Amino acid sequence: MGLTVPTPQGRSVQVAEVYITGADIVYKADGNTPTSSDGSRFPAGARFEIEGASDLANFKAIRQASTDATLWIEYSYEEN
């Protein structure tokens, strides 16, 4: 899954803080699709940040096993 980054008028997203619940994930922010053995792994309960427009646009994540994960995302904006 990728991110749908909101773009309020006159503002741009700088950072997304991600909190994972339910299951572990594997993600990539280089435009390639992660696999269970290729990507950055984070366990349920972890928090991490995605910084920069390119990484936000190219972010993709998958669950690591058969249990679904939920990603809670908070965006930080900058006035244009």
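Everything that follows concerns the structure shown earlier in this document.
Quick caveat, the model's predicted, so the values are computed rather than measured.

Novice: Would you take a moment to explain the packing of aromatic side chains for this structure?
Specialist: Note on aromatic pairs: each is described by the distance of the centres and the angle between the planes. The tally for this structure, following the rule as stated, stands at five aromatic pairs. Three or more aromatic residues joined by ring pairs form one cluster here, namely Tyr-27, Phe-42, Phe-48 and Phe-59.

Novice: Looking at this structure, how should I read the sheet that holds strand β3 (residues 40–42)?
Specialist: Within a sheet, each strand pairs with its neighbour through backbone hydrogen bonds, oriented either parallel or antiparallel. Here three strands make up an open sheet; going across it, the order is β3-β2-β5 and the pairing antiparallel. Looking at which strands have only one partner, the edges of the open sheet turn out to be β3 and β5 (60–63). Averaged over all pairs of adjacent strands, the angle between strand axes in this sheet comes to 25 degrees, irrespective of strand direction. Across three bridges, the pairing between strand β2 (residues 25–28) and β3 is antiparallel. Bridge pairing in β3 places Ile-25 opposite Phe-42.

Novice: Which parts of the structure should I look at to understand the environment of Ile-50?
Specialist: When you line up the elements, Ile-50 lands in strand β4 (residues 47–51). For the pair formed by Ile-50 and Ala-65, sequence separation is 15 residues and the distance between their alpha carbons is 23 Å. Not counting the four nearest positions on each side in its chain, Ile-50 is found in contact with Leu-3, Gln-14, Val-15, Ala-16, Val-18, Asp-55, Leu-56 and Phe-59.

Novice: What am I meant to see in the environment of Val-5 here?
Specialist: For Val-5, the position within the fold is in the segment before β1 (11–21). Note: C-alpha distance between Val-5 and Ile-73 (68 residues apart in sequence) is 9.8 Å. If near-sequence neighbours (up to four positions away) are discounted, Val-5 is found in contact with Val-13, Leu-56 and Tyr-75.

Novice: Please clarify how the sheet that holds β4 should be interpreted in this entry.
Specialist: Taken together, three strands build an open sheet; the order of strands is β4-β1-β6 and the sheet is antiparallel. Each edge of the open sheet carries a strand with a single partner, namely β4 and β6 (70–79). Pairwise comparison of adjacent strand axes, ignoring direction, gives a mean angle of 20 degrees for this sheet. Across five bridges, the pairing between β1 and β4 is antiparallel. Opposite Glu-17, over in β4, you have Glu-49 as the bridge partner.

The rules behind these values
Residues numbered from 1 in each chain as written. Predicted model: local features only at pLDDT ≥ 70, side-chain atom pairs only at ≥ 80, totals over all residues. Heavy atoms only, no water. Phe/Tyr/Trp six-rings, centres within 6.5 Å; stacked < 30°, edge-to-face > 60°. Pairing = 2+ DSSP bridges. Helix = DSSP H or I, 4+ residues; strand = E, 2+ residues; numbered from the N terminus. Axes fitted to C-alpha atoms, helices over the stretch in contact; angles between N-to-C directions. Contact = heavy atoms within 4.5 Å.

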